[in-house]
Amino acid sequence: MENNKRPENMARITTPELANAFIDEQVAAVRAQVGDKKVLLALSGGVDSSVVAALLIKAIGKQLVCVHVNHGLMRKGESEQVVEVFGKQMDANLIYVDASERFLSLLAGVSEPEKKRKIIGNEFIKVFDEEAAKQEGISFLAQGTIYPDILESDGVKAHHNVGGLPKEIGFELVEPVRLLFKDEVRVVGEALGLPHSMVYRQPFPGPGLGVRCLGAITRDRLEALREADAILREEFDKNGLAEKVWQYFIAIPDMKSVGVRDGKRYEGWPAIIRAVNTTDAMTATIEEIPYPLLHHITDRITHEVEGINRVLLDLTPKPIGTIEWE
């Protein structure tokens, strides 16, 4: 492993030319490190792991084994995009595991946020471990560690990707983007030919929709959340807000209120819109969404999503409220 300090004279990667030079350099470094052995990668579909996957496919092709675990808490279309981009377009050595039943059964009736996060994190490692055990001759573990992770954690990145794995299994790490900042990772991703929507995907917590389906997760509420979130993302995309706003999503609490549909009273959940801007995620400000757009989003969610009869806007900055609700 080279050192984990970014050289003082390393130019910020801002152009396709600089990105391509970086890619060539890393392809050579990875080939030298890995030789003819196999590398395992947990491919979440997030920016960092996707860019690492694309880079390693370029360097070592089928020697890279990508494992994508769908824990049933992904946003709409995300697992499908991973399979389409990596499995089909890039012809990667991709193992897709649909473990949603496992996760949702374990989470049934669990309402305490920390407990939910632990169950999701532990089960993820278990599923990943099982898949790793089925593979022959894996010598390396690739991770999407980036420079801010190293700065924050002093080289120890326990919470990310497959936290805790390397020590137990004794794999050597392959971390090709570990000296890059997020904006540089995106430039490199575009240069590698990844779809824009993947490279500019907004941050998404490891437990996924699990921490946005508040309280004990039920399948019907999770489905409503996935659909409402997809509408919000689609409208932000269409109206030029997607890349202006750092993070925007829906949270759905475990409570119902009375509404009217087709002339009848019925009970439904409220969908809470959260849209924040931040530079470092330590503090966050509220993004102003034009009222006509809010009305349009409300109209779509309440008419198109089964079970939702109100839309609320969260106006709380951080501090006082954290970015996620749980």
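Preceding block: the structure.
Every value quoted in this text rests on a predicted model; they were computed, and no experiment measured them. (Residues numbered from 1 in each chain as written. Predicted model: local features only at pLDDT ≥ 70, side-chain atom pairs only at ≥ 80, totals over all residues. Heavy atoms only, no water.)

### Digging into the overall build of the protein
Here's step 1: For the protein, the helix and strand inventory stands at eleven helices and ten strands.
Here's step 2: Relative to the globule expectation of 20 Å for 326 residues, the C-alpha radius of gyration of the protein, 21 Å, shows essentially globular dimensions.
Here's step 3: Dimensions of the protein, computed from C-alpha atoms along their principal axes, come out at roughly 70 × 40 × 35 Å.
Here's step 4: Evaluated residue by residue, the protein yields a buried proportion of 52% over its 326 residues.
Here's step 5: Counted over contacts in the protein with a minimum sequence separation of 6, partners at least 24 positions apart contribute 76%.
Here's step 6: In the form shown here, the protein has an accessible surface area of approximately 15,600 Å², with 54% of it arising from carbon and sulfur atoms. (Helix = DSSP H or I, 4+ residues; strand = E, 2+ residues; numbered from the N terminus. Rg over C-alpha atoms; globule rule 2.2 N^0.38 Å. Buried < 20%, exposed > 50% of the residue type's maximum accessible area, 1.4 Å probe, protein only. Contact = heavy atoms within 4.5 Å. Areas by Shrake-Rupley, 256 points an atom, 1.4 Å probe, with all protein chains shown as cover.)

### Some details on the environment of Ile289
Here's step 1: Within the fold, Ile289 resides in the loop between strand E9 (285–286) and helix H11 (291–304).
Here's step 2: You can call Ile289 buried: its relative accessible area is 8%.
Here's step 3: For the pair Ile289 and Val245, spaced 44 residues apart in sequence, the C-alpha separation works out to 9.9 Å.
Here's step 4: Apart from residues no more than four positions distant in its own chain, Ile289 is found in contact with Phe236, Leu241, Ile273, Ala275, Leu294 and Leu313.

### Concerning the sheet that holds strand E5 (residues 172–174)
Here's step 1: Taking strand neighbours across the sheet as the criterion, the five strands line up as E3-E2-E1-E4-E5 in an open arrangement whose pairing is parallel. Strand pairing shows two members of the sheet lacking a second neighbour, strand E3 (93–98) and E5, which therefore form its edges. This sheet shows a mean twist of 30° between the axes of neighbouring strands, independent of strand direction.
Here's step 2: Pairing of strand E1 (residues 38–42) with strand E4 (residues 138–142), which is carried by four bridges, proceeds in the parallel orientation. What sits directly across from Lys38, in E4, is Ile138. (Pairing = 2+ DSSP bridges. Axes fitted to C-alpha atoms, helices over the stretch in contact; angles between N-to-C directions.)

### Side note on helix H1 (residues 16–34)
The α-helix advances 3.6 residues per turn, and as a result positions three or four apart in sequence lie on the same side.
Here's step 1: Here H1 contains 19 residues, and its C-alpha end-to-end distance of 26 Å stays within 8% of the 27 Å for a straight helix at 1.5 Å per residue.
Here's step 2: Taken together, the buried positions of H1 are occupied by Ala19, Phe22, Ile23, Gln26, Val27, Val30 and Val34. Summarising the axial view, the buried residues of H1 lie within an arc of 140°, below the 170-degree limit, and thus occupy one face. Opposite the buried face of H1, by more than 90 degrees, sit the exposed residues Glu17, Asp24, Glu25 and Ala32.
Here's step 3: In this structure, the buried side of H1 is in contact with E1, helix H2 (47–60), E4, E5 and helix H8 (182–191).
Here's step 4: Backbone geometry just after H1 places Gly35 at a positive phi near 65°. (Expected span 1.5 Å × (residues − 1). Arc of directions from axis to C-beta.)

### Focus: the side chain of Asn70
Here's step 1: For Asn70, the position within the fold is in strand E2 (residues 64–70).
Here's step 2: Polar side-chain contacts of Asn70 include one of 2.8 Å to the backbone nitrogen of Gly72. (Polar contact = N/O pair within 3.5 Å; in protein donor to acceptor, adjacent residues only side chain to side chain.)

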